[in-house]
Amino acid sequence: MNISKILYITAGIGALAVGYFALSGNSDEIDYSTQVKPILNKNCIACHGGVKKQGGFSVLFREEALGKTKSGKPAIIPGDPEHSDFIARLSHSDPEERMPYKTAPLKKEEIEILTKWVKQGAKWGEHWAFTRPKEIEVPNKGMFAGFFSWFGGKKWEKNDIDYFVSDKLEKEGLKHADQAEKGVLLRRVSLDLIGLPPTEKQLNDFLADNSDDAYEKAVDQLLQSPQFGERWAGLWLDMARYSDSKGYEKDEGRSIWKYRDYVIKAFNDNMPYNQFLTEQLAGDLLPNPTKSQYIATAFHRNTMNNDEGGTDDEEFRTAALLDRVNTTWEMFQGTTFACVQCHSHPYDPIRHDEYYKYLAFFNNTRDEDVPDDSPFLREFKSEDSTKLVALKTWLKTNVSDKASAEYEQKVRFLEPKIHPHWGDQFVNGFLADNKYLSVRNGGTVRFKQMPVEGKTRLMVAYGNKTGAPTRMEVHLGSPDGKQLMAIRLDTTGKGGWTNSWDYKVFDLPKLSGKQDWFLKFTNPKVKPEESTCVIGYLFYWMTFPEKGKPVMKPGSRCLWIW
């Protein structure tokens, strides 16, 4: 061995020794997160944590652990393990007093860790999953590792992860396996990235490529495959509870496949993760949101919907809220947040009341027991789409960009709707299937505090298969109050359920504030037990100046005229 190698090695060993003693100078300090918390989670928290607090003692949060118990004094006295019942009862001779209760006692080394921890002040620590990650030095990769490698064989490590694996293998007294054959490597990575085995051509091309970056090129090719997005989107869609049906009872179909395609495209386009999350959580709140960003918000429309007759809107609205809170935390934080709905989390530093603070953030939605899954984003067939584009262009030129955007919003979403289940004080009427307004001849229903300020037009979605027109009167304040308007609802060819409505639009007189509306229905042709018609919903339509022509003529059935 030449003298230079000896000097290098000696210098390396010396530097390592100095570093070791410098780092190990504080080795007696007990770390809560890595040494204490695992013992508490395994042996104590089932009875003294988020679900139970036997004896008034909990080790979930520091203020609880150091607070007074039912005995009137704290179980843990920082700096004084000799007078801390928490420590004394770990070694108590009476089995009724010893902890953990009626199970195997702690090991001697575990008791020593807890005793030393209390003596050092019972310092708490941040949960490792909620602390900012720190860069870790890659083992055996530095300058000194290079010196020692002179005496060994050829190093197999090719990237930083390999060095961590190598370090662990060495500690366990194991050796790494030989690299798999090229065909095996390609099959593995192909199944992983696109969920399919390589084609014969891909395999032959890879086997024939002897360059150092042959594997990297094969991976790049797989990443460019459309199947990459399909394979990895599937994992996301499972967690996002994506389904082509509504769940519950009938489990009827749901048309939400455009959200699925959005996720696939996001993976294939390598969309930045922060953008991917933002668009799904709040794409509709972005400035001038695109159609794609609206579609992205279907992430939280994947909640189940129960449109069975007799269900309660608020019950299933609340169920949808809980689902959104839990899913948001599980997907974006990797935390089973649902536990905190009933109690503080036994293992994560999340308190019971924090669950409902997050719930309040989502508690502004209007999930309703309606079969059409509204609100939804409408697409139009080519002819109607051309009309919409032409109308938007006219509005931008002759009115304003704002009017054009507002009109498109109204047409695409038809929101906010006034659903029949807003009604009350039914007289000779009812909610058919708990969803649709069904009133017999001469019957009335009240819609309380209708927001009418600045509203100029009313659209009615209805069905009338009685064979005769129905008259719907709108009275203010009472069934016999001032008549605001009278509407003729002609017979329709459609069934009058879910999306099968006919539409009519009517002008409203100038109104202000909020007012109680009483709707009265008359159709002398129907039998006493029959309904005069079925109302799907009401909707305030909009007007704008169009050289004297309305977007929708009063009483017309088309959405716009050109």
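Rules used throughout
Residues numbered from 1 in each chain as written. Predicted model: local features only at pLDDT ≥ 70, side-chain atom pairs only at ≥ 80, totals over all residues. Heavy atoms only, no water. Helix = DSSP H or I, 4+ residues; strand = E, 2+ residues; numbered from the N terminus. Buried < 20%, exposed > 50% of the residue type's maximum accessible area, 1.4 Å probe, protein only. Contact = heavy atoms within 4.5 Å. Areas by Shrake-Rupley, 256 points an atom, 1.4 Å probe, with all protein chains shown as cover. Axes fitted to C-alpha atoms, helices over the stretch in contact; angles between N-to-C directions. Parallel < 35°, antiparallel > 145°, perpendicular 65-115°, else oblique. Left-handed = near helix turned anticlockwise from the far one by under 90°. Nonpolar A, V, L, I, M, F, W, Y, C, P; charged D, E, K, R; others polar. Salt bridge = Lys/Arg side-chain N within 4 Å of Asp/Glu carboxyl O. Bend = angle between axes of the 7 residues up to and from the residue. Phe/Tyr/Trp six-rings, centres within 6.5 Å; stacked < 30°, edge-to-face > 60°. Lys NZ or Arg CZ within 6 Å of the ring centre and 35° of its normal. Polar contact = N/O pair within 3.5 Å; in protein donor to acceptor, adjacent residues only side chain to side chain.

S.K.: Whenever I open this one, the overall build of the chain confuses me. Can you help?
M.R.: Secondary structure assignment for the chain yields 18 helices and nine strands. Per-residue burial for the chain yields a buried fraction of 40% across its 562 residues. Within the chain, contacts between residues at least 6 apart in sequence are counted, and of these 67% link residues at least 24 apart. Working note: accessible area of the chain is about 32,300 Å², and carbon and sulfur atoms make up 54% of it.

S.K.: What is the right way to look at the packing of helix α11 (residues 226-239) against helix α12 (residues 257-268) in this model?
M.R.: Between two packed helices, what matters for the description is the angle formed by their axes and the separation of those axes. It is the contact of α11 with α12, at a shortest axis distance of 8 Å, that shows an interaxial angle of 120 degrees. With respect to α12, the axis of α11 lies oblique. The two elements α11 and α12 meet at a crossing, and its hand is right-handed. Between α11 and α12, the contacting residues are P226, F228, G229, E230, W232, A233, W236 and L237 on the first element and Y259, R260, V263, I264, F267 and N268 on the second. For the contact of α11 with α12, a count of residues per class yields ten nonpolar, two polar and two charged.

S.K.: Please clarify how the pattern of salt bridges should be interpreted in this entry.
M.R.: Two side chains with opposite charge may pair up if their charged atoms get near one another. Inspection of the entire model under this criterion finds 29 salt bridges. One salt bridge connects K504 with D490, and the closest N-O pair in it is separated by 2.5 Å. On the criterion of sequence distance, the pair formed by K504 in strand β7 (residues 502-507) and D490 in the loop between β6 (483-489) and β7 is long-range, its members being 14 residues apart. Across this residue pair, the class does not change: K504 and D490 are buried. It is possible to trace a salt-bridge network through shared partners that takes in D209, D213 and K217.

S.K.: Explain α11 to me, please; I cannot follow it from the model alone.
M.R.: At 3.6 residues per turn, the α-helix brings residues three or four places apart onto the same side. At A233, α11 is bent by approximately 30 degrees, the largest bend along its length. Within the span of α11, buried status applies to F228, G229, A233, W236 and L237. Against the buried residues of α11 lie α8 (182-194), α10 (214-223), α12, α13 (273-282) and α15 (313-332). Note on α11: the residue one or two positions beyond its end, R241, has a positive phi of about 50 degrees.

S.K.: Sorry if this is basic, but what is going on with the side chain of S166 here?
M.R.: Residue position: S166 is located in helix α7 (residues 160-171). On the basis of relative accessible area, S166 is assigned to the buried category, the value being 14%. Not counting residues within four places of it along the chain, the set of residues in contact with S166 comprises W156 and E157.

S.K.: Quick question: what am I supposed to make of the packing of aromatic side chains here?
M.R.: Within a pair of aromatic rings, the relevant descriptors are the distance that separates the centres and the angle that separates the planes. Enumeration over the complete set of coordinates arrives at 26 aromatic pairs. Aromatic side chains W329 and F337 sit 4.3 Å apart centroid to centroid with 5 degrees between the ring planes, which places their arrangement in the stacked category. Both residues of the pair, W329 and F337, count as buried. Considering the side-chain rings of F337 and Y358, the 5.6 Å spacing of their centres and the 85 degrees angle between planes classify their relative orientation as edge-to-face. Of this pair, F337 sits in the loop between α15 and α16 (352-362) while Y358 sits in helix α16, and the two are 21 residues apart along the sequence. Residue classification places Y358 among the partly exposed residues on the basis of a relative accessible area of 39%. Aromatic rings pair up to connect W236, Y242, Y259, Y262, F267, F276, F299 and F332 into one cluster. One Lys or Arg, R241, reaches over the ring of F299 and ends 5.4 Å from the middle of that ring.

S.K.: Looking at this structure, I do not really get the packing of helix α17 (residues 382-398) against helix α18 (residues 401-413). What am I missing?
M.R.: Where α17 meets α18, the closest approach of the two axes is 7 Å, and the angle between their N-to-C directions is 150 degrees. Classified by the interaxial angle, the pair formed by α17 and α18 is roughly antiparallel. The two elements α17 and α18 meet at a crossing, and its hand is right-handed. In contact with L388, L391, K392, L395 and K396 of α17, α18 contributes D401, A403, S404, Y407, E408 and R412.

S.K.: Just to check I follow, could you spell out the side chain of H475 for this structure?
M.R.: Its location among the elements puts H475 in strand β5 (residues 470-476). Accessibility expressed as a relative area gives 7% for H475, which makes it buried. A distance of 2.8 Å separates the side chain of H475 from the side chain of E473, its partner in a polar contact. Among the polar contacts made by the side chain of H475, one reaches the main-chain carbonyl oxygen of G481 at a distance of 2.9 Å. The residues touching H475, leaving out its near neighbours within four places in the chain, are D480, G481, K482, Q483, L484, D516, W517, F518 and K520.

S.K.: Please explain unusual backbone geometry as it appears in this structure.
M.R.: Outside of glycine, negative phi angles account for most residues, and trans bonds account for most peptide bonds. Residues S374 and P375 are joined by a peptide bond in cis, for which omega reads 5 degrees. Looking at where P375 falls in the secondary structure, it is placed in the loop between α16 and α17. Residue P416 is bonded to the preceding E415 through a cis peptide linkage, with omega at 0 degrees. Relative to the assigned elements, P416 resides in the loop between α18 and β1 (417-418). Positive phi values are uncommon outside glycine, yet A122 reaches one of about 50 degrees. Following the sequence through the fold, A122 ends up in the loop between α5 (108-119) and α6 (143-149). Looking at A122, the relative accessible area reads 0%, which means it is buried. Located in the positive-phi region is N270, a residue other than glycine, with phi close to 55 degrees. Within the secondary structure layout, N270 lies in the loop between α12 and α13.

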